[in-house]
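Okay, here's what each chain looks like letter by letter:
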Amino acid sequence: MAPRTKKRTTRPKSLGKRFKDNPINTTVAEMKKLGVPRWAGKSIILLTAIGATSPTLSSQANRIPLASTFTGLGARIRARIMGLVR
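Rules used in this analysis
- Residues numbered from 1 in each chain as written.
- Predicted model: local features only at pLDDT ≥ 70, side-chain atom pairs only at ≥ 80, totals over all residues.
- Heavy atoms only, no water.
- Helix = DSSP H or I, 4+ residues; strand = E, 2+ residues; numbered from the N terminus.
- Rg over C-alpha atoms; globule rule 2.2 N^0.38 Å.
- Buried < 20%, exposed > 50% of the residue type's maximum accessible area, 1.4 Å probe, protein only.
- Areas by Shrake-Rupley, 256 points an atom, 1.4 Å probe, with all protein chains shown as cover.
- Axes fitted to C-alpha atoms, helices over the stretch in contact; angles between N-to-C directions.
- Parallel < 35°, antiparallel > 145°, perpendicular 65-115°, else oblique.
- Left-handed = near helix turned anticlockwise from the far one by under 90°.
- Contact = heavy atoms within 4.5 Å.

Draft legend 1. The arrangement of the overall build of the protein chain in detail. Within the protein chain, the secondary structure is distributed over five helices and zero strands. Taken over C-alpha atoms, the radius of gyration comes to 19 Å for the protein chain, far larger than the 12 Å a tight globule of 86 residues would show. With respect to the three principal axes, the spread of C-alpha positions in the protein chain is 70 × 35 × 15 Å. When the 86 residues of the protein chain are sorted by exposure, 17% land in the buried category. Of the roughly 7700 Å² that the protein chain leaves accessible, carbon and sulfur atoms contribute 62%.

See the structure below:
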């Protein structure tokens, strides 16, 4: 009879790796862990996407209180994707 092999558990993926593989589901899962209300999470994701895609729409969205935080995050993501920032 062959010797039994030890059962090994796989190492959990890092947050960055999970985010690269599936950004939407990772963001939703992390917001659930933090206990962020669903409406707030959707607003954060929407404002970040606006900041990453449209500078003109982003400037209009900045009129909303605290929106500039998330549109600015989206702008940094856009700059990184376009290769303007390392």
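Draft legend 2. Highlighting the packing of helix α3 (residues 38-53) against helix α5 (residues 67-81). In the contact formed by α3 and α5, the axes pass within 6 Å of each other and the chain directions differ by 45°. Here α5 runs oblique to α3, going by the angle between their axes. Seen from above, α3 lies across α5 with right-handed handedness. Taking contact as the criterion, the partners of I44, L47, T48, G51, A52 and T53 in α3 are, on α5, A67, F70, T71, L73, G74, A75, I77 and R78.

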